[in-house]
Amino acid sequence: MANSNGRLAGKVAVITGAGRKKGLGEAIATRFSEEGATVVITDIGKPSGDHLPAGNIGTSEEMEEVADGVRSSTGGTIHTMVCDVRSEDDVIRTIADTVKTCGRLDIVVNNAGIGYIMKPLMELSIDEWDVVLDVNLRGPFLFTKHAAAQFVRQGEGGRIINIASQAAKSPAPLLIHYTSSKHGMIGLTRTAAVELGEHGITSNAVCPNHVTTGLGAVQNARRGEVLGTDTEGVLDFRKTKIPLGRVGLPSDTANACVFFASDDASYITGESINVTGGEEMH
Ligand SMILES: NC(=O)c1ccc[n+]([C@@H]2O[C@H](COP(=O)([O-])OP(=O)(O)OC[C@H]3O[C@@H](n4cnc5c(N)ncnc54)[C@H](O)[C@@H]3O)[C@@H](O)[C@H]2O)c1
């Protein structure tokens, strides 16, 4: 049974890029559902081109497994929709189908992202730059634009939550495309907050440090190659820089998303909150 007393009871949330097991999107879907929201899990559904290969994306099959898992753990209402966030047609269709299926839209979490292409900037191709900017920045722009239009039609405000990164605040070697896209996401978050505030729409970002998701595991392996160590060595090194002494968990990010989606955050907009155990402080 859905939690009718939860902090998000009666709300409808779309989460992008939530079709991979152990991903931040799965954790956000779980926490939102625990708090009573109806959740629409979306993901690209199938490999696309050279840079979105099967092993690094949420397929339709995996997305259904994620949805089944959330449904059985929370008893909530979970829908799935295939949506490539780079496609304006897909974004428009996903918002329209959500409103048709669930009656309304209250929250969008821009979570889809690519972070597994890691190269020195002098070796990075324009295709690699473009695909990362398209998924990590064009996609959130499209969802912000079309969700805002739906929120304005409904006339009751709305919430946009962008999953940025520690890489939105600080540089990260081998990730110039990723850090540029995530820094850009802070500008998107702030400007949307300024323009949409008059409609009661808030726009905030969550900036996690390393979390060992599918994407995080690829980054650990690549960092290990550079540092001449294995994944355990990389994680031990990461922990030395984190005051709270552990790397992030998907639930850490999900809890921050619940806060931004809840009434408790109704007077907070344009913020980019670090969820890094103290590793990032500005
Ligand atoms: N894991 C970390 O250490 C970490 C840290 C900070 C921020 N983040 C951010 O968190 C978000 C989630 O990442 P994650 O670590 O859970 O990895 P993940 O690989 O589990 O999730 C990323 C998802 O994005 C989806 N995606 C990629 N291209 C897409 C497209 N064109 N359309 C729709 N979906 C698409 C993938 O299919 C995948 O399901 C990303 O934006 C990432 O940059 C992750």
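The model shown is predicted, which means the values in this text are computed figures rather than measured ones.

Another aspect to go through is the side chain of Ser 170. Tracing the chain through its elements places Ser 170 in the loop between strand S5 (158–163) and helix H5 (176–196). Polar side-chain contacts of Ser 170 include one of 2.8 Å to the side chain of Glu 280. Those residues in contact with Ser 170, other than ones at most four positions away along the chain, are Thr 179, His 183, Glu 280 and His 282.

Quick look at helix H6 (residues 214–227) now. Given 3.6 residues per turn, any residue in an α-helix points the same way as the ones three and four places further on. Its 14 residues give H6 an end-to-end C-alpha distance of 20 Å, which sits within 8% of 20 Å, the value for a rise of 1.5 Å per residue. Within H6, the full set of buried residues consists of Gly 216, Gln 219, Asn 220, Arg 223 and Gly 224. The buried side chains of H6 occupy one side of the element, clustering within an arc of 140 degrees when seen end-on. On its buried face, H6 is in contact with helix H7 (231–240). Measuring from the side-chain oxygen of the N-cap residue of H6 to the backbone nitrogen of Leu 215 gives 3.3 Å; that N-cap residue is Thr 213. Looking one or two places after H6, you find Gly 228, whose phi comes out positive at around 70 degrees.

For Lys 119, the position within the fold is in the loop between strand S4 (107–110) and helix H4 (126–154). On the basis of relative accessibility, which here comes to 30%, the residue Lys 119 falls in the partly exposed class. In the structure, Lys 119 is positioned 55 residues away from Leu 174 in sequence and 4.5 Å away in space, judged by C-alpha atoms. In terms of polar contacts, Lys 119 uses its side chain to reach the side chain of Glu 128, at 2.7 Å.

Next up on the list: the domain arrangement of the protein. Note on interface size: it is often stated as the accessible area lost on association of the parts. As assigned here, the protein comprises domain 1 (12–209 + 249–275) and domain 2 (212–247). Each side of the interface is counted separately: domain 1 has 18 residues, and domain 2 has 11 residues. Buried area between domain 1 and domain 2, both sides added, is near 1100 Å², and the carbon and sulfur share of it is 57%. At the surface where domain 1 touches domain 2, the tally comes to one salt bridge. Across the pair Arg 246 and Asp 252 runs a salt bridge, and its minimum N-O distance is 2.9 Å. There are four residue pairs in polar contact (both at pLDDT 80 or more) connecting domain 1 and domain 2. Across the side of domain 1 that touches domain 2, the residue classes tally to 10 nonpolar, five polar and three charged.

For H4, with 29 residues, the first-to-last C-alpha span of 40 Å sits near the 42 Å given by 1.5 Å per residue. Approximately 40 degrees is the largest bend angle found in H4, and it occurs at Asp 134. Gly 155 sits one or two positions beyond H4 and adopts a positive phi of about 75 degrees.

Criteria and thresholds
- Residues numbered from 1 in each chain as written.
- Predicted model: local features only at pLDDT ≥ 70, side-chain atom pairs only at ≥ 80, totals over all residues.
- Heavy atoms only, no water.
- Helix = DSSP H or I, 4+ residues; strand = E, 2+ residues; numbered from the N terminus.
- Polar contact = N/O pair within 3.5 Å; in protein donor to acceptor, adjacent residues only side chain to side chain.
- Contact = heavy atoms within 4.5 Å.
- Expected span 1.5 Å × (residues − 1).
- Buried < 20%, exposed > 50% of the residue type's maximum accessible area, 1.4 Å probe, protein only.
- Arc of directions from axis to C-beta.
- Domains from an automatic or database assignment.
- Buried area = accessible area lost by both parts, 1.4 Å probe.
- Salt bridge = Lys/Arg side-chain N within 4 Å of Asp/Glu carboxyl O.
- Nonpolar A, V, L, I, M, F, W, Y, C, P; charged D, E, K, R; others polar.
- Bend = angle between axes of the 7 residues up to and from the residue.

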